[in-house]
Amino acid sequence: MADPPAEVKLRDPAFAAFLAWLIPGAGHVYQGRFAKGALLAVCILSTFFYGLFLGDGRVVYAAWNADQKRLPYLCQLGAGLVAMPALVQARRVAADHEPFFGGWYAPPKDKHALDAIHKRLHRFFELGTVYTMVAGLLNVLAIYDAFGGPAYIRDEEDEEQAQSRGQPDEDKHKPAPV
């Protein structure tokens, strides 16, 4: 009979999920799943920053006014802290202040400015938007994994043993490394 897989002791799932949203992979590191946390951090953050690079820093911005509603930002916000400067920039632009970071994360002042950005970046604006959205949505899956923990697999042998001992269904599961 094979050795059972090691059981993963999870810490506070809600705090792990919050950390996973704040910094991709941090919730997994908090739980002691270092390799998975590092892998998620590298994949999600590199995807996000590559998209930001493709769009010259103009694809991640928050805008929610009558002229434009930036719905992709809701997906980008899933990447956590790396998308938060857009909220600061949006407030600065709304108050007629000069944006920080050379305009990165800042919403266009009007439709003409947005058209100029599209003309200058061509397809890279949309590609950058998609990359940053995908990074945010991937992090939502990572947040769920940090909250719920690894998947469990039922073996027929485990089910038979649990039935012979009279244990309920919850005790039939064995953690499997995921």
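Everything here concerns the structure above.
Residues numbered from 1 in each chain as written. Predicted model: local features only at pLDDT ≥ 70, side-chain atom pairs only at ≥ 80, totals over all residues. Heavy atoms only, no water.

**Focus on the packing of aromatic side chains**
- For the structure shown, the criterion picks out seven aromatic pairs.
- An aromatic cluster is defined as three or more aromatic residues linked by ring pairs; in this entry it consists of Tyr50, Phe53 and Tyr131.
- For the cation-ring pair, Arg11 lies above Tyr30, with the distance from its terminal atom to the ring centre recorded as 5.1 Å.
- Sitting above the plane of the Trp64 ring, Lys69 keeps its charged end 5.7 Å from the centroid. (Phe/Tyr/Trp six-rings, centres within 6.5 Å; stacked < 30°, edge-to-face > 60°. Lys NZ or Arg CZ within 6 Å of the ring centre and 35° of its normal.)

**Here's the deal with the environment of Gly103**
- With respect to the helices, strands and loops of the structure, Gly103 is situated in the loop between α5 (85-94) and α6 (111-121).
- Judged by relative accessible area, which is 5%, Gly103 ranks as buried.
- Taking the C-alpha atoms as reference, Gly103 lies 7.7 Å from Gly57; in sequence the two are 46 residues apart.
- If we ignore the near neighbours within four places in the chain, the residues touching Gly103 are Gly57, Arg58 and Gln89. (Helix = DSSP H or I, 4+ residues; strand = E, 2+ residues; numbered from the N terminus. Buried < 20%, exposed > 50% of the residue type's maximum accessible area, 1.4 Å probe, protein only. Contact = heavy atoms within 4.5 Å.)

**Overview of helix α3 (residues 34-54)**
- Relative to the 30 Å expected for 21 residues at 1.5 Å per residue, α3 spans 30 Å between its end C-alpha atoms, a close match to the ideal helical length.
- Of the positions making up α3, those classed as buried are Lys36, Gly37, Leu40, Ala41, Ile44, Thr47, Phe48, Gly51, Leu52 and Leu54.
- For α3, the secondary structure elements touched by its buried residues are α2 (26-30), α4 (72-76), α6 and α7 (123-148).
- Positive backbone phi, approximately 55°, marks Asp56, located one or two places after α3. (Expected span 1.5 Å × (residues − 1).)

**Considerations on the environment of Gly25**
- Note that Gly25 resides in the loop between α1 (13-22) and α2.
- Assessed through its relative accessible area of 3%, Gly25 is described here as buried.
- Note: C-alpha distance between Gly25 and Ile44 (19 residues apart in sequence) is 8.6 Å.
- Discounting chain neighbours no more than four positions away, the residues touching Gly25 are Ala20, Gly37, Leu40 and Ala41.

**Some thoughts on the side chain of Asp145**
- Its location among the elements puts Asp145 in helix α7.
- Only 2.7 Å separates the side chain of Asp145 from the side chain of His28, close enough to count as a polar contact.
- Contacts of Asp145, omitting those with residues within four sequence positions, involve His28, Arg33, Lys36 and Pro150. (Polar contact = N/O pair within 3.5 Å; in protein donor to acceptor, adjacent residues only side chain to side chain.)

**Some remarks on α1**
- Of all the residues in α1, the buried ones are Ala16, Ala17, Leu19 and Ala20. Summarising the axial view, the buried residues of α1 lie within an arc of 165°, below the 170-degree limit, and thus occupy one face.
- On its buried side, α1 packs onto α2 and α7. (Arc of directions from axis to C-beta.)

**Some points on the nonpolar core**
- Judged by nonpolar contacts, the single largest core of 22 residues is most densely connected at Phe48, Leu52, Val60, Tyr73, Ala86, Tyr105 and Phe125.
- Mapped by element, the contributors of at least two residues to this core are α3, α5, α6 and α7.
- Per element, the largest residue contribution to this core is four residues, and it comes from α3.
- Residues contacting Val60, with those up to four places away along its chain left out, are Phe48, Leu52, Tyr73, Gln76, Ala83, Ala86, Tyr105 and Thr132.
- One finds Ala17, Ala20, Ile143 and Ala146 within the second-largest nonpolar core, a separate group that totals five residues. (Core = buried A, V, L, I, M, F, W, Y, C linked by side-chain atoms within 4.5 Å.)

**Let's talk about the packing of α1 against α7**
- Direction vectors running N to C along α1 and α7 enclose 160°, while the axes themselves pass 7 Å from each other. Our classification of the angle between α1 and α7 gives roughly antiparallel. Crossing of α1 over α7 shows right-handed handedness. Every residue of α7 that contacts α1 at Pro13, Ala14, Ala16, Ala17, Ala20 and Trp21 is listed here: Asn139, Ala142, Ile143, Ala146 and Phe147. (Axes fitted to C-alpha atoms, helices over the stretch in contact; angles between N-to-C directions. Parallel < 35°, antiparallel > 145°, perpendicular 65-115°, else oblique. Left-handed = near helix turned anticlockwise from the far one by under 90°.)

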